[in-house]
Amino acid sequence: MKVQLSIDNEDCEHYPFPDSNVLSRIFENEIASLWPQGIQKPEIVEISISTLTQSDMKEQNKMFRGIDSSTDALSFPMWENNGEFAPEMSCPMLLLGDILLCPEKISENAAAKLESKEYFEELCLVLAHSFLHLLCWDHGTEENETNMWRRQETIKSRIIGEQV
């Protein structure tokens, strides 16, 4: 299985972004390990990632979540059915979903944390978190939150550790 990333970073190009080949490889490994049993894996999985300004993100957040403020990320999974990841049985190319990122908000959040994280570390955490949402992982219960936080930390560390 190959992961193709469609990345639009035009509006926020002065913010650093992980190497797309590294990100694709890590996402490929994660998808392979999390793929549901009994469902054939596609040859190609596509993920769309776009960066938005704070005003554009605020507009998207209001439209899709009814919240009139900017946020660091929004995820739009394509294959969610009653909270479960349910891709089509045999599909050679699978659009996994869209991730919208707001680098300005990610930067604000990184600076506001108690340990004052670097922007790039916070970005990698948000990417890992958003990616897991595309696979229908959620944090609505304490158990799900613990599992998601653990997995996103592993993914984040791999993204950071494999940068060239």
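Below you will find a few notes about this structure. Since the model is a prediction, treat every value here as computed from it, not as a measurement.

## Some points on the overall build of the protein chain
- Tallying secondary structure elements over the protein chain gives five helices and six strands in all.
- Mapped from its N terminus to its C terminus, the protein chain presents α and β elements in the order β-α-β-α-β-β-β-β-α-α-α.
- The C-alpha atoms of the protein chain give 15 Å as radius of gyration, which agrees with the globular expectation for 164 residues (15 Å, within 12%).
- Expressed along its principal axes, the backbone C-alpha trace of the protein chain runs to roughly 45 × 40 × 35 Å.
- Within the protein chain, the fraction of its 164 residues that count as buried is 41%.

## Considering the layout of surface pockets
- The computed volume of the largest pocket comes to approximately 500 Å³.
- As for the largest pocket, its lining consists of 23 residues, of which Ala-73, His-129, Ser-130, His-133 and His-139 are closest to the centre.
- Of all the secondary-structure elements, those providing two or more residues to the lining of the largest pocket are strand E3 (73–77), helix H4 (119–134) and helix H5 (142–161).
- In terms of residue count, H4 provides more of the lining of the largest pocket than any other element does, six residues in total.

## Section: the nonpolar core
- In this structure, Phe-27, Ile-47, Leu-96, Leu-101 and Phe-131 are the most contacted members of the largest nonpolar core, which totals 36 residues.
- Ranked by the residues each element gives to this core, the list is headed by H4, at nine residues.
- Excluding residues that lie within four positions of it along the chain, Leu-96 makes contacts with Ile-31, Val-45, Glu-46, Ile-47, Phe-76, Pro-77, Met-78, Trp-79, Phe-85, Phe-131, Leu-134 and Leu-135.
- Counting residues in hydrophobic clusters, the runner-up holds five residues, among them Met-57, Leu-74, Leu-100 and Cys-102.

## Focus: the packing of helix H1 (residues 20–34) against H5
- At a minimum axis distance of 10 Å, the contact between H1 and H5 shows a crossing angle of 150°. Our classification of the angle between H1 and H5 gives roughly antiparallel. The interaxial crossing formed by H1 with H5 has right-handed handedness. The segment H1 lies against H5, with Val-22, Leu-23, Ile-26, Phe-27, Asn-29, Glu-30, Ser-33 and Leu-34 engaging Arg-151, Ile-155, Arg-158 and Ile-159.
- Split by residue class, the contact of H1 with H5 holds seven nonpolar, two polar and three charged.

## Section: the packing of aromatic side chains
- Throughout the structure, instances matching the rule amount to four aromatic pairs.
- Considering the side-chain rings of Tyr-15 and Tyr-119, the 5.1 Å spacing of their centres and the 45° angle between planes classify their relative orientation as tilted. You can see Tyr-15 sitting in the loop between strand E1 (2–8) and H1 and its partner Tyr-119 sitting in helix H4, a full 104 residues away along the chain.
- Centroid distance Phe-27 to Phe-131: 4.0 Å. Interplanar angle 0°. Geometry classified as stacked. Of this pair, Phe-27 sits in helix H1 while Phe-131 sits in helix H4, placing them 104 residues apart in sequence.
- For Phe-131, a relative accessible area of 0% translates into the label buried.

The rules we used
- Residues numbered from 1 in each chain as written.
- Predicted model: local features only at pLDDT ≥ 70, side-chain atom pairs only at ≥ 80, totals over all residues.
- Heavy atoms only, no water.
- Helix = DSSP H or I, 4+ residues; strand = E, 2+ residues; numbered from the N terminus.
- Rg over C-alpha atoms; globule rule 2.2 N^0.38 Å.
- Buried < 20%, exposed > 50% of the residue type's maximum accessible area, 1.4 Å probe, protein only.
- 1 Å grid on protein atoms, 1.4 Å probe; cavity = no way out; pocket = protein on both sides within 12 Å on 5 of 7 lines; lining within 4 Å.
- Points joined across faces, edges and corners; volume = space filled by probe spheres on them.
- Core = buried A, V, L, I, M, F, W, Y, C linked by side-chain atoms within 4.5 Å.
- Contact = heavy atoms within 4.5 Å.
- Axes fitted to C-alpha atoms, helices over the stretch in contact; angles between N-to-C directions.
- Parallel < 35°, antiparallel > 145°, perpendicular 65-115°, else oblique.
- Left-handed = near helix turned anticlockwise from the far one by under 90°.
- Nonpolar A, V, L, I, M, F, W, Y, C, P; charged D, E, K, R; others polar.
- Phe/Tyr/Trp six-rings, centres within 6.5 Å; stacked < 30°, edge-to-face > 60°.

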